[in-house]
Each structure stands twice: as structure tokens, then as C-alpha cells.
Amino acid sequence: QQQVKQSPQSLIVQKGGISIINCAYENTAFDYFPWYQQFPGKGPALLIAIRPDVSEKKEGRFTISFNKSAKQFSLHIMDSQPGDSATYFCAASLPSSGYSTLTFGKGTMLLVSP
Amino acid sequence: SAVISQKPSRDICQRGTSLTIQCQVDSQVTMMFWYRQQPGQSLTLIATANQGSEATYESGFVIDKFPISRPNLTFSTLTVSNMSPEDSSIYLCSVEIRGGYSSNEQFFGPGTRLTVL
């Protein structure tokens, strides 16, 4: 059972446009929702994250919108650049005994065309 | 954050052999995690490694196939045993850093790309 559903699977956006990636979750015990960016041949890099007590978080061109009642969250990349072309993963964190585990979405391959 | 290194960065192995992957972090951390990322796929947690105790394995992963060591607070190893072509994946370690925006931020190493022939 996939606990975090991510869409779309791939996305092509023109330079300067807005990229939007959506995720939905089922488990209300998740308490933290990070987004990771992964370039080919590299490990995932933490991009931005949000807790469910806020509805939006912005860091530079990257914004997370969070809808707790709908159990959905999304990543918006404003003024998308070719250097943003990468695979993006949403994740949800589940607290355990003294630590947390991450469940990842299936990823979105973003291509920003020049 | 943390600086995480993995060795080897890639390897090509023969069926039936074993490979040990090393993960080194530049600061002391309590929890380290091992993930598998099959080609073009998402990340799947294999196990969680706490220093001084047995690793905790996720459903579908067993210690005999993926033994893990965690001898100190900056180092861990994952062994992929009796490999088959289905084990061809990227193996990633991550660490949990406390004290940031979230008490449970995870940072990833660069990964080990394993090909089994």
C-alpha cells in the first residue's frame, strides 16, 4: 500500500514558468513533510519541508502549500530554470521510538526547457 | 546538515558474491538509515541502524540478506549478500539530524550504484 501518492510522474515546464508537483497521504500520524531534489548520479538533497501546523512555507523560489483537511501538499517552483531539471520526491515522516522514518512518493521528473 | 560519504561509489559484481558498502558521516549521529533505490524508482527504506543495537529491518528485508553494522556514531556498513541481478540498485545511507526546523531532518549520502551480473 502506497502511503504517499505523488503526481505527475513527469513534467515539462518552460523557463520562467511555474512547476507544480502534488502529493497526497493517508496516514494522519505523519508529522513532517519534506521535499527532496535529486540530480542524476547524486543522492537526494533536502529542499524544503513543512509541518502540518502551517499552511504554507516559502524559501526563495520554492513554496510548499499544505492542506491538512484534504491530506494534500504541493511544491511550487516559481520562475523555473533549466538548472531545476531534476527528480523531485515528496516524503512524509512518521515518528517512532526516538526517531522518525520517511515514506517517499514515487517521484516527479521535471524538465525545464530553455 | 551533514557531510556524508559512501564507498564504493559504484561496483559491478558477480552473482552469488557479497558487497559491503561503507557510510561515513562528519559528525556524530544517533540514527543512520539505509535505503534502496531501484533504477528510475523511488527510495525504499531497508533498515534503521542505531549505534550499539541491532538494526531494525523493514518488511521485505532480512538481516541474512542485508546485514548492517553500526560500530560507532559516525560510521555504518551495509552488506548485500549472495547477490542476484535483482539486487542491482542504488544504495543510499542517510542520517537524522536533530535541532533544525524539524527534529528529524534526514540527509543523504551520494549513493552506491551496484550492478550485479
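What counts and how
Along every chain, residues carry numbers that run from 1 in the direction the sequence is written. The lettering of chains begins at A and the numbering of ligands begins at 1, in the order of writing. Only residues with pLDDT of at least 70 are given local features in this predicted model, and only at 80 or more are side-chain atom pairs given and counted; all residues enter the totals for whole chains, interfaces and linings. Side-chain numbers come from the whole structure's heavy atoms, not from hydrogens or water. Remark: exposure states derive from per-residue accessible area (1.4 Å probe, protein chains only) relative to the maximum for the residue type, with buried under 20%, exposed over 50%, and partly exposed in between. Only DSSP runs of H or I with at least four residues qualify as helices, and only runs of E with at least two residues qualify as strands; both kinds are numbered from the N terminus onward. In short, DSSP must find at least two bridges between two strands for them to pair. Each axis is a line fitted through C-alpha atoms, and for a helix only the stretch in contact is used; angles between axes span 0 to 180 degrees, taken between their N-to-C directions. pLDDT is a per-residue confidence score from the predictor, ranging from 0 to 100.

Would you mind going over the pairing of strand S11 (residues 112-116) of chain B with me for this structure?
Working note: regular strand, side chains alternate between the two faces of the sheet. Residues and elements named next belong to chain B. Going residue by residue along S11, you find Thr112, Leu114 and Val116 tucked away on one face and Arg113 and Thr115 left uncovered on the opposite face. The pairing of strand S2 (residues 10-13) with S11 spans 4 bridges and is parallel. The residue of S11 that forms the bridge with Cys13 is Val116.

What is the right way to look at the sheet that holds strand S8 (residues 72-77) of chain A in this model?
Pairing between the strands of a sheet is mediated by backbone hydrogen bonds and can be parallel or antiparallel. Residue and element names in this part refer to chain A. Ordered by their spatial adjacency, 5 strands build an open sheet running S1-S3-S8-S7-S6, and the pairing between neighbours is antiparallel. Each end of this open sheet is capped by a strand with a single partner; those strands are strand S1 (4-7) and strand S6 (56-59). When strand polarity is set aside, the average angle formed by the axes of neighbouring strands in this sheet is 15°. The pairing of strand S7 (residues 62-67) with S8 spans 6 bridges and is classified as antiparallel. Within S8, the position partnered with Ile64 by the bridge is Leu75.

Looking at this structure, I do not really get the confidence of the model for chain B. What am I missing?
For residues with low pLDDT, the predicted coordinates do not support detailed interpretation. Averaged over all residues, the pLDDT of chain B equals 92, while 96% of them reach at least 70. Mean pLDDT across the secondary structure elements of chain B bottoms out at strand S10 (residues 105-108) of chain B, with 91, and peaks at strand S3 (residues 19-25) of chain B, with 98.

I keep staring at the pairing of strand S9 (residues 86-95) of chain A and nothing clicks. Help me out?
Residues and elements named next belong to chain A. For S9, the tally of buried residues reaches 8 of 10 residues, placing the bulk of the element in the interior. By the bridge criterion, 4 bridges tie strand S4 (residues 33-38) to S9 in an arrangement that is antiparallel. In the sheet register, Gln38 faces S9, and the bridge partner there is Thr87. The sheet contact formed by S9 and strand S11 (residues 108-113) spans 3 bridges and is antiparallel. Looking at S11, one finds that Ala86 is bridged to Leu110. Relative to strand S10 (residues 100-104), S9 runs antiparallel, the two sharing 5 bridges. Following the sheet pairing, Ala92 is matched in S10 by Thr103. Where S9 hands over to S10, the hairpin turn is made up of 4 residues, of which Gly98 adopts a positive phi near 85°.

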